[in-house]
Amino acid sequence: MDVKGIFGFKGKNVVISGSASGMSKEATELLIELGANVYAVDLNEIKLPVKAAYRANLGKKEDVDAWIDTLPDTVDAVFMCHGINGNPGIANAVLTINFFSVQYIVARLMDRLSERASVSIISSCGGYGWQAIYPHVQDLLAATTWEECQEWFEKNKDNTAICNPNSPYGTSKQLINCYVANKCMDPQFIAKRIRINSICPGMTNTALTDDFNRGAGGGDSKAGAQNIFQIFQSMWNGYNAEAREMGYPLVVVGSQICSYMSGQNIYVDMGCCTSWDTGAILNPGVNPLEAAISEK
Ligand SMILES: NC(=O)c1ccc[n+]([C@@H]2O[C@H](COP(=O)([O-])OP(=O)(O)OC[C@H]3O[C@@H](n4cnc5c(N)ncnc54)[C@H](O)[C@@H]3O)[C@@H](O)[C@H]2O)c1
């Protein structure tokens, strides 16, 4: 059996963000190995033998537009992996980088996506509980322009039913999950049988780890690491994943191996969020993640 061939990436045009580091770097290396023509973008320098590497701040519309102008006319797979941690003071930047830019990039690439293309996004366990906001964000999910997303933010930034004031990061990841759930049945996606999924990683050792720790510890990295352990790992005496343990599953999800899978937000977390689900069943109405965040 041609094992590499079953991924279906040989000679295909693949667009990926965040390739300078962490999970995306691992995914990018695998895509190159599988024979894809990789068009990679990051804020920082990408030191991988991709077809084209581009430096851009995806939190800025003009950078995104300039980058998209360099991409090929046909795109077979899109992997959206860039992201930052977020504290309450920078909600607009967090939502813009982690979600609005993703929605905008996919909308701009829609005409170039081939039949049976795939869109795969890195969300997070931090997006757990996304179903609660889904009915309230339909207007945002219909947006296709950068400006509509910014207007939506101004209108909704103080609406705590949607935007968690303690965790703009969590809100940004909930929005990704809502987006995946919504777009899998969007006529534009259906017309060309385009699949869309996300992976939702648990805590993973990357360049973001220290940011997460400091955020969760009010600036104290060690205390934050303990808080994070309490929320994500204490129930299974767990440990952080390595970047490859996210990058590789992401590539599989976007590959032909998963050709009949769409609309899924897949938790890659050793069962952490499932344990929150079972807890929620035992205690209806309690979201353990929200409870853990508001206790801090
Ligand atoms: N590390 C974790 O524990 C964890 C857990 C769940 C989800 N995630 C998500 O995984 C994804 C990958 O992160 P990672 O953990 O590999 O971290 P990372 O910092 O190693 O990789 C993120 C990459 O995104 C790039 N990036 C950030 N902001 C950008 C911008 N404005 N424009 C262009 N590029 C930008 C960075 O330069 C970096 O190369 C992110 O979306 C993150 O939210 C991480």
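Above this text is the structure in question.
Counting starts from 1 at the beginning of each chain's written sequence and moves along it residue by residue. Two thresholds apply to this predicted model, a pLDDT of at least 70 for residue-level local features and 80 or more for giving and counting side-chain atom pairs, whereas whole-chain, interface and lining totals are computed over all residues.

Student: Please explain the site of the ligand as it appears in this structure.
Tutor: Using a C-beta atom placed from the backbone for every residue, we mark a residue as near a molecule or strand if that atom lies within 6 Å of it. As a structural note, the neighbourhood of the ligand is formed by 28 residues, with Gly18, Ser21, Gly22, Gly83 and Thr206 the closest of them. Among the secondary structure elements, those contributing two or more residues to the shell around the ligand are helix H1 (22–33) and helix H8 (209–216). With 3 residues, the single largest contributor to the shell around the ligand is H1. Under the convention adopted here, Pro, Cys and the residues Ala, Val, Leu, Ile, Met, Phe, Trp and Tyr are nonpolar, Asp, Glu, Lys and Arg are charged, and Gly plus all remaining residues are polar. Residues belonging to the shell around the ligand are distributed by class as follows: 14 nonpolar, 13 polar and 1 charged. We count a stretch as a helix when DSSP gives it H or I for four or more residues in a row; a strand needs E for two or more, and each element gets its number in order from the N terminus.

Student: I would appreciate a short explanation of the pairing of strand S2 (residues 37–42) in the present structure.
Tutor: Across a regular strand the side chains alternate sides, sitting on one face of the sheet and then on the other. In terms of residue burial, S2 counts as a mostly covered element, since 5 of its 6 residues are buried. Pairing between strands is defined by DSSP: at least two bridges between them are needed. Pairing between strand S1 (residues 13–17) and S2: 5 bridges, direction parallel. Residue asparagine 13 lies in a different strand from S2, and its bridge partner there is asparagine 37. Crossover handedness is defined here as right-handed if the route from the first strand over the helix to the second strand goes clockwise, with the strands pointing away from the viewer. In this view, the connection linking S1 to its parallel neighbour S2 by way of H1 has right-handed handedness. Sheet topology note: the S2/strand S3 (residues 52–55) ladder contains 4 bridges and is parallel. In the strand pairing of S3, alanine 40 is matched with alanine 53. Burial is judged by counting other C-beta atoms within 10 Å of a residue's own C-beta: 20 or more means buried, 12 or fewer means exposed, and anything between counts as partly exposed, with every C-beta placed from the backbone.

Student: Looking at this structure, I do not really get H8. What am I missing?
Tutor: Along an α-helix, residues three or four positions apart point the same way, because every turn accommodates 3.6 residues. Along H8, the residues classified as buried are Phe212, Asn213, Gly215 and Ala216. Down the axis of H8, the smallest arc covering the buried residues is 165 degrees, so these residues share one side. Positive backbone phi, at 55 degrees, marks glycine 218, one or two positions downstream of H8. Directions are taken from the helix axis to each C-beta atom, and the arc is the one they span.

Student: In this structure, what is going on with the pairing of strand S4 (residues 75–80)? I would like to understand it.
Tutor: The element S4 is largely enclosed, with a buried count of 6 among its 6 residues. Bridge count between S1 and S4: 3 bridges; the pairing is parallel. Note on S4: the bridge partner recorded for isoleucine 16 is phenylalanine 79. Once you follow S4 into helix H3 (residues 91–109) and on to strand S5 (residues 113–122), the crossover reads as right-handed.

Student: Honestly, the sheet that holds strand S9 (residues 264–268) in this entry has me stumped. Any pointers?
Tutor: With parallel pairing, the 7 strands of this open sheet are ordered in space as S3-S2-S1-S4-S5-S6-S9. Of all strands in the sheet, those bounded by a partner on one side alone are S3 and S9. Taken pair by pair, the neighbouring strands of this sheet meet at an average axis angle of 15 degrees, ignoring direction. The angle between two axes is taken between their N-to-C directions and runs from 0 to 180 degrees, where each axis is a line fitted to C-alpha atoms and a helix contributes only its stretch in contact.

Student: I would appreciate a short explanation of helix H9 (residues 221–233) in the present structure.
Tutor: Compared with an ideal rise of 1.5 Å per residue, which puts 13 residues at 18 Å, H9 spans 17 Å between its outermost C-alpha atoms and is within 8% of the ideal. Among the residues of H9, those classed as buried are Gly224, Asn227, Ile228, Ile231 and Phe232. Down the axis, H9 shows its buried residues gathered within 110 degrees of arc, on one side only. Here the expected span of a helix is defined as 1.5 Å times the quantity of residues minus one.

Student: I tried to follow the nonpolar core on my own but got confused; where do I start?
Tutor: Nonpolar side chains in soluble globular proteins tend to be buried together. Core analysis: the biggest nonpolar cluster contains 78 residues, and Val14, Ile16, Leu31, Phe79 and Leu250 have the highest contact counts within it. With 10 residues, H3 is the largest single contributor of residues to this core. Our contact criterion uses C-beta atoms placed from the backbone: two residues qualify when those atoms are within 7 Å. Once residues lying within four places of it in the same chain are set aside, the contact partners of leucine 31 are Phe9, Val14, Ile16, Ala36, Val38 and Val251. Connectivity within a nonpolar core runs through C-beta atoms within 7 Å, and the core itself is a set of buried Ala, Val, Leu, Ile, Met, Phe, Trp, Tyr and Cys residues.

Student: Would you explain the packing of H1 against helix H10 (residues 244–254) in this entry?
Tutor: For any two helices packed against each other, the geometry comes down to the angle between their axes and how far apart the axes lie. Running from N to C, H1 and H10 point in directions that differ by 50 degrees, and their axes come no closer than 7 Å. Between H1 and H10, the interaxial angle falls into the category oblique. Handedness of the crossing formed by H1 with H10: right-handed. In this structure, H1 contributes Met23, Ser24, Glu26, Ala27, Leu30 and Leu31 to the contact, and H10 contributes Arg244, Met246, Gly247, Tyr248, Leu250 and Val251. Taken together, the residues of the contact of H1 with H10 sort by class into 8 nonpolar, 2 polar and 2 charged. Orientation labels follow simple angle bins: below 35 degrees gives roughly parallel, above 145 gives roughly antiparallel, 65 to 115 gives roughly perpendicular, and whatever is left gives oblique. Handedness of each helix crossing follows the sense of rotation of the near helix against the far helix: counterclockwise by less than a right angle gives left-handed, clockwise gives right-handed.

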